[in-house]
Amino acid sequence: MSTRQVRLTINGREYSREVEIRKLLTDFLRDDLGLTGTHVGCEHGVCGACTILWNGEAVRSCLVFAVQANGANLKTVEGLAPSATELHPLQKKFWELHGLQCGFCTPGILLTAEALLKENPDPSEEEIRESISGNLCRCTGYQNIVTAIREAAKAMAAK
Amino acid sequence: MAYIGSRVKRKEDLRLLRGTGKYVADIHRVGMVHAAILRSTYAHARIVKIDTTAATKLPGVIGILTAADIPGMKTIPMRTGHIDGLERSQQTPLATTAVRYVGDPVAVVVAESRYLAEDALELIEVEYEALGVVTDAHESMRAGAPQLHETVPNNTPANFQVNVGDVDAAFRNSDLILEEEFSTQRHAAVPLETRGLVAEFDEGRGQLTVWGPTKMTHTNWSILSDHLGLPQSSIHLIEPDVGGGFGARGEFYPEDFLIPFASIHFSRPICWIEDRSENLKAMNQSRQQKYQIKIGVKKDGTIMALDAEMLFDMGGYTRTHGGTPAISASSILRGPYRIKNYRLNVFCVLTNKTPVGTYRSPGRYEANFVRERLLDTVAHRLELDPADLRRRNMIRHDEMPYDLGKHPFNSWVLDTGDYPAQFENALARINYEKLKSDSAAAKKEGRALGVGIGCFVESSGIGPWEYARVEVDNTGQVILYSGCNSLGQGIATALSQIVADELQVSIDDVRVIHGDTAKVPYGNGSNASRSVVMAGSAAVGASRKVKEKLLQLASAALEIEPGDLFLRDGRVVARGVPERTQGFADLARLALPGTALKQGVTPGISEEDFFASDKRPFPYGVHIAVVEVDRATGIVKILDYLVTEDVGRKINPMIVEGQVMGGLAQGIGGALLEEFVYDNDGQPQATSFMDYLIPTAMEMPKTIQLISTEDFPTPLNPLGVKGAGEGGISAAGAALANAVSNALGVEVTKLPLKPDYLLELIGRIKVESHQENA
């Protein structure tokens, strides 16, 4: 199996690895780099559990090969919180408002929400729902997720 | 401040939010290799030959197992829902002579990576001899239908009846008899995390460790021990973080034997993670039931009798749940109504499809749909308001507790509640009268606006017992070892609240350990909304014993009578003399063996308790849906929704609401979107999320009222709680079907309420039946 060298930045840290060209970015992150916060829910680009930020944009990592990420600047859920002791406002609100149950969809939704709020710091409920319409959650029924994103937006605007 | 009843933030969340949770696919063992399962591509076939030569030669392949490599392979037993006869169609972990559904496991490949294992799957040559396929339960029972299992004639391994009162006499006394056929479609739990296991065998010590088991850990521990011929003390099951269960995850599946077996056979730690297309073929499906039902009523709407025949579509094999969805449906078909004459004849039928198990509110979501739709149909016929029909027949408060009568598999007594009062409140809260007039006005304008009601009684807190051990460690922290499991529902937080209140400590000083057989010796797991009821009550019992020990130790240390001592903030304090006090850590030190034995005291602060009960508490409630249906496209929009449920007592209201909301989302999926469709050759058509549609944030109702009450705690456990896991889904199919029927002026008789079905009902299109249909 052919391999290539991949150099990329993830959560502010540089990585350089040799990787099989057919290896999915999700598997590279999870298995090669031990960043297991990004989850695999379907492997066909529908559920959004694998969502990461690629140069700031929400991308489904299961639909991309690791080699395609050469030179990219990625953020995964492990890079969301500002430090080991603080939480991102989104994480804080999800915690306060019961925006997660099993937590499997959560990393993908957090990053999707972060991308949304960067682009639209004051989204309506409808806009929030639409932005996470590509993230499946089987546990929560979405209500608390939408509220948590709304509240996080308010908290971030207030800063 | 009491923790019970307050919206405590979950202890589980921080690691999940940071992405540092450990789900089974996140576990890496040194030297770990990967398994992939070769699954049948035929719905029904004889296995003529399996040739693994080419596959075995592929570089990176460690080995391949077929049934021939596992002599003495046992069938996977039923752990519940055992109806006589069902044992004849159980499944072996690998198919031996025949395959009975697309997805039936035929071989296991173990290779250096999952990628290589999947490469190897493609090189395995299986010669199948195709056999006749049957995908419809009716067809399957007919003489001459292809037979799935040698010893099961007519593909009907079991049949049972419920018979209460005198149905025939009651029909003779009825003014109106209505007969109808209803069906609910195949759909299932489909949690966002697929199944997976990591198994590692320490040959030197003869110790097997398996990460991944959940839901019924101790039951599965026993089954695995029996199947491997390894004592339980040599097997260690560890529950990781789990991505949802809803009934389907955590049962003993073929892979639960195969992966541990392979790890022993190949002497390598093995990881197996199911991919989604496998999951949609291999994880338990559910919900497919067909009813032919007859109801007899008086002119004024009083229900005299209910008589039905039900076909329970089991798929290709009997699995661990046996006939549970059928038994449960048969037990709750009458709902919260006074129906003294009831007869049901249930056939459990095999078909060439994925085998079934339970899914949240198993059998009850189906039965609620059937009964509530039937009631509306009767109401329309008698020109009664559907709410009035329900009022007339609803069990009254003064009739509680209400014995549901003779049943072959259980004896259910509805414990507490005031169904009519809750019903009136629900109608008032959604402004039912106004909705009726809005609906009439809208229809005049050509808009299909409708309101629908679904009432339910849910089962919860199944026994027979649960285990807890509470311990105070040497730092004064409290640890609860519980026999329940976490599928993501927040049980560790709820149990912490209970223990923290009993022992008057900060919730931050309570840890809950579950799902680990080396730390928890007994358990009955987490299913059927039992955890807070059973594990919670056992935790109460163990905590109270620990409290006694703490008081005893403090009493000896302080030389004060235990009656003059009380617990506060992690300390034992003397009444009226606050400076006379011992912290839990101090007492733990006094309980160390060196000191304790000298005092003639049993060392340690650790107490076990079992809470046993064979009587279930029954939460109950109402779903009311308001929909608008686009008459041109058949698409249903849910404008407003109300769910009310009395759960006796809420340990954590936030968690309870989350359960109801999550259940509602699934209920909407089941009513409008989700279906496992099979073609006439038994080929599954919904094998990805492109075809199996799960509700997104856009499908939820525009406004939702969620009312969970604590009006009638149950006397059946010390907490007074009823399990809140299933009320949110329970009558969603019923309410939505009634709302759609009301909106369009039709009588829906099946789920799902897909656009082409609704258009067919209003006569806009004619659908040629060319596929197997629910």
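Residues numbered from 1 in each chain as written. Chains lettered and ligands numbered in written order. Predicted model: local features only at pLDDT ≥ 70, side-chain atom pairs only at ≥ 80, totals over all residues.

1. Thoughts on the overall build of chain A
Scanning chain A from N- to C-terminus turns up five helices and five strands. The order of α-helices and β-strands along chain A, N terminus first, is β-β-α-β-β-β-α-α-α-α. Its C-alpha atoms give chain A a radius of gyration of 16 Å, near enough to 15 Å, the size a compact globule of 159 residues would have. Principal-axis analysis of the C-alpha atoms places the extent of chain A at approximately 50 × 30 × 25 Å. If you take every contact in chain A between residues at least 6 apart in sequence, the share linking residues at least 24 apart comes to 60%. (Helix = DSSP H or I, 4+ residues; strand = E, 2+ residues; numbered from the N terminus. Rg over C-alpha atoms; globule rule 2.2 N^0.38 Å. Contact = placed C-beta atoms within 7 Å.)

2. Brief notes about the sheet that holds strand S11 (residues 235-238) of chain B
Residues and elements named next belong to chain B. Strand order in the open sheet made by the seven strands is S3-S5-S1-S12-S9-S10-S11, with mixed pairing throughout. If you trace the sheet from one side to the other, it starts and ends with strand S3 (61-66) and S11, each paired once. On average, adjacent strands in this sheet sit at an angle of 20° to one another, irrespective of strand direction. Sheet analysis places strand S9 (residues 196-202) next to strand S10 (residues 207-211), joined by five bridges and oriented antiparallel. Of the residues in S10, the one forming a bridge with Asp-202 is Gln-207. Along the sheet, helix H3 (residues 114-123) contacts strand S1 (33-39), S3 and strand S5 (105-111); its crossing angle with S1, the most-contacted strand, is approximately 30°. The strands that helix H7 (residues 254-265) touches are S1, S3, S5, S9, S10 and strand S12 (270-273); relative to S9, the one it contacts most, it runs at about 30°. (Pairing = 2+ DSSP bridges. Axes fitted to C-alpha atoms, helices over the stretch in contact; angles between N-to-C directions.)

3. Points about the sheet that holds strand S2 (residues 13-20) of chain A
All names here are of chain A. Taken in spatial order, the five strands of this open sheet run S2-S1-S5-S3-S4, and their pairing is mixed. Of all the strands in the sheet, the pair left with one neighbour each is S2 and strand S4 (57-60). Averaged over all adjacent pairs, the angle separating strand axes in this sheet is 40°, with direction ignored. Pairing between strand S3 (residues 51-54) and S4: four bridges, direction antiparallel. Each bridged residue has a counterpart across the sheet, and for Ile-52 the counterpart in S4 is Val-59. Of the strands in this sheet, S3, S4 and strand S5 (73-75) are in contact with helix H3 (residues 106-119), which crosses S3 at around 35°.

4. Here we look at the interface of chain A and chain B
The figure often quoted for interface size is the accessible area lost as the parts come together. Taken together, the contact pairs 42 residues of chain A with 41 residues of chain B. Within the residue set of the side of chain A that touches chain B, elements represented by two or more residues are helix H2 (89-96), H3, helix H4 (125-131) and helix H5 (143-158) of chain A. For the side of chain A that touches chain B, a count of residues per class yields 20 nonpolar, 15 polar and seven charged. (Nonpolar A, V, L, I, M, F, W, Y, C, P; charged D, E, K, R; others polar.)

5. Focus on unusual backbone geometry
Backbone torsion omega between Met-400 of chain B and Pro-401 of chain B reads -10°, so that peptide bond is classified as cis. Notably, His-98 of chain A is not glycine yet its phi reads approximately 60°, a positive angle. The residue Arg-287 of chain B is not glycine, and still its phi comes out positive at about 75°. Turning to its location among the elements, Arg-287 of chain B is positioned in the loop between helix H8 (276-282) and strand S13 (289-297). Residue Arg-287 of chain B is classed as buried on the basis of its 29 C-beta neighbours within 10 Å. (Buried ≥ 20, exposed ≤ 12 C-beta atoms within 10 Å, placed from the backbone.)

6. Quick look at the domain arrangement of chain A
Residue and element names in this part refer to chain A. Domain assignment breaks chain A into domain 1 (3-79) and domain 2 (89-158). For domain 1 versus domain 2, the distance between C-alpha centres works out to 22 Å. Every contact between the two is made by 16 residues of domain 1 and, on the other side, 13 residues of domain 2. Every element with two or more residues in the side of domain 1 that touches domain 2 is listed here: S3 and S4. With three residues, S3 is the single largest residue contributor to the side of domain 1 that touches domain 2. Split by residue class, the side of domain 1 that touches domain 2 holds seven nonpolar, seven polar and two charged. (Domains from an automatic or database assignment.)

7. Some details on the domain arrangement of chain B
All names here are of chain B. Assigned domains of chain B: these are domain 1 (13-131 + 194-242 + 249-282), domain 2 (289-460 + 616-761) and domain 3 (465-612). Here the C-alpha centroids of domain 1 and domain 3 sit 38 Å apart. Residue-level contacts link 14 residues of domain 1 with 16 residues of domain 3. Here the side of domain 1 that touches domain 3 takes four residues from helix H6 (residues 217-228), the largest share from any one element. Looking at the side of domain 1 that touches domain 3 residue by residue, the class counts come to five nonpolar, six polar and three charged.

8. Things to note about the pairing of strand S21 (residues 510-514) of chain B
If a strand is regular, its side chains alternate between the two faces of the sheet. All names here are of chain B. Burial along S21 is one-sided: the face carrying Val-510, Val-512 and His-514 is buried and the face carrying Arg-511 and Ile-513 is not. Direction of pairing for strand S20 (residues 478-482) relative to S21: parallel, over a ladder of five bridges. The partner of Leu-480 across the bridge, within S21, is Val-512.

9. Considerations on the packing of helix H14 (residues 491-503) of chain B against helix H15 (residues 531-558) of chain B
Residues and elements named next belong to chain B. Two elements in contact, H14 and H15, have axes separated by 9 Å at closest approach and are oriented at 30°. As the angle between them shows, H14 and H15 are arranged roughly parallel. The crossing of H14 and H15 is right-handed. Of the residues in H15, those in contact with Ile-491, Ala-494, Leu-495, Ile-498, Val-499, Glu-502 and Leu-503 of H14 are Ser-531, Val-532, Ala-535, Gly-536, Ala-539, Val-540, Ser-543, Arg-544, Val-546 and Lys-547. Partitioning the contact of H14 with H15 into residue classes produces eleven nonpolar, three polar and three charged. (Parallel < 35°, antiparallel > 145°, perpendicular 65-115°, else oblique. Left-handed = near helix turned anticlockwise from the far one by under 90°.)

10. Quick look at the confidence of the model for chain B
Detailed reading of the predicted model is not advised wherever pLDDT is low. Residue and element names in this part refer to chain B. Across chain B, the average pLDDT comes to 97, with 99% of residues at 70 or higher. Segment residues 770-774 is flagged for pLDDT under 50; beyond a separation of four residues in sequence, or across chains, it makes 14 contacts in the model. In the predicted complex, the global pTM is 0.97; the interface-specific ipTM is 0.99. (pLDDT = per-residue confidence, 0-100.)

11. So, H3 of chain B
Residues and elements named next belong to chain B. Turning to H3, its buried residues are Leu-116, Ala-117 and Ala-120. Seen from one end, H3 has its buried residues packed into an arc of 100°, which puts them on one side. In this structure, the buried side of H3 is in contact with S1, helix H2 (53-57), S3 and S5. (Arc of directions from axis to C-beta.)

12. What about H3 of chain A?
Look at H3 of chain A: 20 Å from first C-alpha to last across 14 residues, which is about the 20 Å you get at 1.5 Å a residue. Burial analysis of H3 of chain A places twelve of its 14 residues in the buried class, the great majority of the element. (Expected span 1.5 Å × (residues − 1).)

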